[in-house]
Amino acid sequence: MSSSARLRSLLSLPPPFISVFSLWSKHWPSFASSGCSNPRHRPPTKPERPAMLKILIPTLVMLPTTWLTPPKWLWPATLAHSFVIALASLTWFCTPTEAGWTSLNLYMATDPLSTPLLTLTCWLLPLMLLASQNHTIAEPIARQRVYIMLLITLQIFLILAFSASELIMFYVIFEATLIPTLIIITRWGNQTERLNAGIYFLFYTLAGSLPLLVALLLLQNSSGTLSLITLSFTDPLPLLSYADKLWWVSCLLAFLVKIPLYGVHLWLPKAHVEAPIAGSIILAAVLLKLGGYGIMRMIPLLAPLTKELSYPFVIFALWGVIITSSICLRQTDLKSLIAYSSVSHMGLVAGGILIQTPWGFSGALILMIAHGLTSSVLFCLANTSYERTHSRTMALARGLQTILPLIATWWFISSLANLALPPLPNLIGELIIITSLFNWSWGTLLLTGLGTLITAGYSLYIFLMTQRGPLPSHIIALDPSHTREHLLVSLHLLPLLLLILKPELVWGWTTCRYSLIKILGCDSKDRG
């Protein structure tokens, strides 16, 4: 096709498709080259590495776009803009290096640990906008703009947090994510308890975070730097006294509250139940992962003490898997059940990270990504039911399969993903963590096995209670399902299914060398 014909065909497309087309054509060589043969045989051209600003600046531009767009184009424009950013974020997967760090500048960098979480963050903004349209459309236009602005601000903070290469910057952004989340919960929550939930959320997180600030300042004083790239090359700290043990706990406490570990988890069910749908999505899919990401960054600095001091935390995490799974079997509130399910899965993630093995780290990252998509889609489906029946009580909104059969199909697939059906990434992550825990101590097999069994039980319980059985007599007429809702669920489940084909994208830096060799297509004789 000639250049003039290509230009004419491009001009016939609406503006959002022009943006997507130009983005894809720009980065297609990097997608195509990721499966090529030995890199030594390529021409010596400099590969294009998408910098952080290629994602961050378009996200910042969305803020004035939200306020300047005419009302009737507000949701389509922000949705198209965020989808372009989400597609652009996929190019982060195309820049593997031997050292692991890419897109370096003075303050930000990405590596195989942060890249999957950054892409998940960018992928979820258009999904939050899709999910929120129905319940915010009746509000004044200024309030809709504020709502979208808060979601965009939260994405900016999360991109900065996951890409921060300096620990104090990470701490400041980690705390800054509280502000938009708190406003979303307390202003757009459904019930009067939302203020109480916001107070729980704020004080649990702040109480855990203040010791972390003191611990980071002490680390800066003793090592002279807080750069993650530099700290990995410094000598281990001599941690011998009781004060050093308190320092160890202070470094991890904020992240254990954020995950959350069983015992400091009470803020999460309250926040989830009272939050609007976008708040539930971002809480379950990304904000909990900040805790796991923070532990994985800090653990290498605490190596000498972790072997002994991690025992009570691993026990709490695994015991929490069983207790919170058992609580799920007794829940009547649908959102509360999914929230406790998140505590159960993240307990397994915390156990996998704290034993500090390569398999544990890889399994934890895989499970974090898989759980982020699965719990998010469950909250979206719970929201579709709530918007029609105006009740979260499962006994009052059951038997919906006869009225909404396609929504019931989505419920069935999502429930199977939650109980870790093979060959989904949920199963891969759980199996790797359970195997590494068994290698660490054979007694953990009893706890993890029982937790997996109860997880399967309550996942099927969700499906049976919401979709099967007779339709309650008070349900007379319901709105049919909309294309927007099916698109929303499909965009959650599609990445989950595609990760079956290429799970090494979310293995993390513990398998960076192997992942690099697989992506670049090097033979064993070329490894050098």
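These lines cover the structure that appears in this document, whether it is placed above or below. (Residues numbered from 1 in each chain as written. Predicted model: local features only at pLDDT ≥ 70, side-chain atom pairs only at ≥ 80, totals over all residues. Heavy atoms only, no water.)

**Comments concerning the overall build of the protein**
A tally of regular secondary structure across the protein gives 22 helices and zero strands. Burial statistics for the protein: of 528 residues in total, 55% are counted as buried. Taking the contacts inside the protein whose residues are at least 6 apart along the sequence as the reference set, 82% of them involve residues at least 24 apart. Summed over its atoms, the accessible surface of the protein is roughly 22,400 Å², and 70% of this surface lies on carbon and sulfur atoms. (Helix = DSSP H or I, 4+ residues; strand = E, 2+ residues; numbered from the N terminus. Buried < 20%, exposed > 50% of the residue type's maximum accessible area, 1.4 Å probe, protein only. Contact = heavy atoms within 4.5 Å. Areas by Shrake-Rupley, 256 points an atom, 1.4 Å probe, with all protein chains shown as cover.)

**Considerations on the packing of aromatic side chains**
On inspection of all chains with the given rule, the structure shows eleven aromatic pairs. Measuring from centroid to centroid gives 5.9 Å for Phe170 and Phe174, while their planes differ by 40°, and the two rings are tilted. Note that Phe170 and Phe174 are positioned in helix α7 (residues 167-176) at a spacing of four residues, about one turn of the helix. Neither Phe170 nor Phe174 differs from the other in exposure class; each is buried. The ring of Trp188 is capped by Arg187, whose NZ or CZ atom sits 5.2 Å from the centre of that ring. Residue placement shows Lys258 over the ring face of Phe174; its charged tip is 5.4 Å from the ring centre. (Phe/Tyr/Trp six-rings, centres within 6.5 Å; stacked < 30°, edge-to-face > 60°. Lys NZ or Arg CZ within 6 Å of the ring centre and 35° of its normal.)

**Regarding a nonpolar patch on the surface**
Among the surface-exposed residues, Leu53, Ile57, Leu60 and Val61 lie close enough to one another that they form a single nonpolar patch of about 320 Å² accessible area. Within the element layout of this structure, Val61 appears in helix α3 (residues 53-68). Residue Val61 is classed as partly exposed on the basis of its relative accessible area, which comes to 39%. (Patch = residues over 30% accessible without salt bridge, like charges linked within 9 Å, V, L, I, M, F, W, Y side chains within 5 Å. Salt bridge = Lys/Arg side-chain N within 4 Å of Asp/Glu carboxyl O.)

**Quick word on the side chain of Ser132**
Its location among the elements puts Ser132 in helix α5 (residues 114-136). On the basis of relative accessibility, which here comes to 0%, the residue Ser132 falls in the buried class. A distance of 3.1 Å separates polar atoms of two side chains, one belonging to Ser132 and the other to Tyr147. Apart from the residues within four sequence positions on either side, Ser132 is in contact with Trp75, Tyr147, Ile277 and Ala278. (Polar contact = N/O pair within 3.5 Å; in protein donor to acceptor, adjacent residues only side chain to side chain.)

**Structural notes on α3**
For the α-helix, the turn length of 3.6 residues means that residues three or four positions removed from each other point alike. Compared with the 22 Å implied by 1.5 Å per residue over 16 residues, the 22 Å span of α3 between its first and last C-alpha is a close match. Along its buried surface, α3 packs onto α4 (74-89), α5 and α6 (141-163). (Expected span 1.5 Å × (residues − 1).)

**Things to note about the nonpolar core**
Counting residues in each nonpolar core, the largest one holds 150 residues, and the members touching the most others are Leu167, Leu252 and Ile295. Leave out the neighbours within four places in its chain, and Leu252 touches Ile295, Met298, Ile299, Leu302 and Leu354. (Core = buried A, V, L, I, M, F, W, Y, C linked by side-chain atoms within 4.5 Å.)

**So, the pattern of salt bridges**
If you walk through the whole model with that rule in mind, you get five salt bridges. In this structure, the salt-bridge partner of Arg392 is Asp333, at a minimum N-O distance of 2.9 Å. Here Asp333 lies in the loop between α15 (311-329) and α16 (334-354) and Arg392 lies in the loop between α17 (358-389) and α18 (405-418), a separation of 59 residues in the sequence. A relative accessible area of 17% means that Arg392 is categorised as buried. Of the charged contacts in the structure, one is a salt bridge between Arg388 and Glu485, with a shortest N-O distance of 2.9 Å. Of this pair, Arg388 sits in helix α17 while Glu485 sits in helix α21 (residues 483-498), and the two are 97 residues apart along the sequence. A relative accessible area of 11% places Arg388 in the buried class. Among the residues examined, Glu485 registers a relative accessible area of 2% and is labelled buried.

**Overview of helix α19 (residues 425-440)**
Between its first and last C-alpha atoms α19 spans 23 Å; for 16 residues at 1.5 Å apiece the expected length is 22 Å, and the two agree. Looking only at α19, the buried set comprises Pro425, Asn426, Gly429, Glu430, Ile432, Ile433, Ile434, Ser436 and Leu437.

**What to know about the environment of Val506**
Relative to the assigned elements, Val506 resides in the loop between α21 and α22 (512-520). For Val506, a relative accessible area of 5% corresponds to the buried category. Note: C-alpha distance between Val506 and Ala370 (136 residues apart in sequence) is 9.5 Å. Val506 has contacts with Pro116, Ser362, Leu365, Ile366, Ile369 and Leu499, leaving out every residue within four places of it along the chain.

**What to know about unusual backbone geometry**
Residues Ile259 and Pro260 are joined by a peptide bond in cis, for which omega reads -5°. Here Pro260 shows up in the loop between α11 (242-258) and α12 (267-274). The linkage connecting Pro422 with the following residue, Pro423, adopts the cis geometry, with an omega of 5°. Looking at the secondary structure, you find Pro423 in the loop between α18 and α19. Its identity as a non-glycine residue notwithstanding, His390 has a phi of 55°, on the positive side. With respect to the helices and strands, the residue His390 is situated in the loop between α17 and α18.

**Quick look at the side chain of Thr119**
Note on placement: Thr119 falls in helix α5. Filtering out sequence-adjacent residues up to four positions away, Thr119 remains in contact with Ser89, Leu90, Trp92 and Phe93.

**Regarding the environment of Leu445**
Locating Leu445 in the fold gives a position in helix α20 (residues 444-467). A relative accessible area of 42% places Leu445 in the partly exposed class. Through-space distance from the C-alpha of Leu445 to that of Thr435 is 8.4 Å; in sequence the pair is ten residues apart.

**Here's the deal with the packing of α7 against helix α9 (residues 194-223)**
Between α7 and α9, the least distance of the axes is 10 Å, while the angle of their chain directions is 165°. Judged by the angle between their axes, α7 and α9 are roughly antiparallel. Judged by the twist between their axes, the crossing of α7 over α9 is left-handed. Residue-level contacts link Leu167, Ile168, Tyr171, Phe174 and Glu175 of α7 to Leu206, Ser209, Leu210, Leu212, Leu213, Leu216, Leu217 and Leu219 of α9. Residue composition of the contact of α7 with α9, grouped by class: eleven nonpolar, one polar and one charged. (Axes fitted to C-alpha atoms, helices over the stretch in contact; angles between N-to-C directions. Parallel < 35°, antiparallel > 145°, perpendicular 65-115°, else oblique. Left-handed = near helix turned anticlockwise from the far one by under 90°. Nonpolar A, V, L, I, M, F, W, Y, C, P; charged D, E, K, R; others polar.)

**Things to note about the environment of Asp111**
If you trace the backbone, Asp111 turns up in the loop between α4 and α5. A sequence separation of eleven residues divides Asp111 from Gly100, and the C-alpha atoms of the two residues are 5.1 Å apart. A distance of 2.9 Å separates a polar atom in the side chain of Asp111 from a polar atom in the side chain of Arg297.

That's the geometry; what it means functionally is another story.
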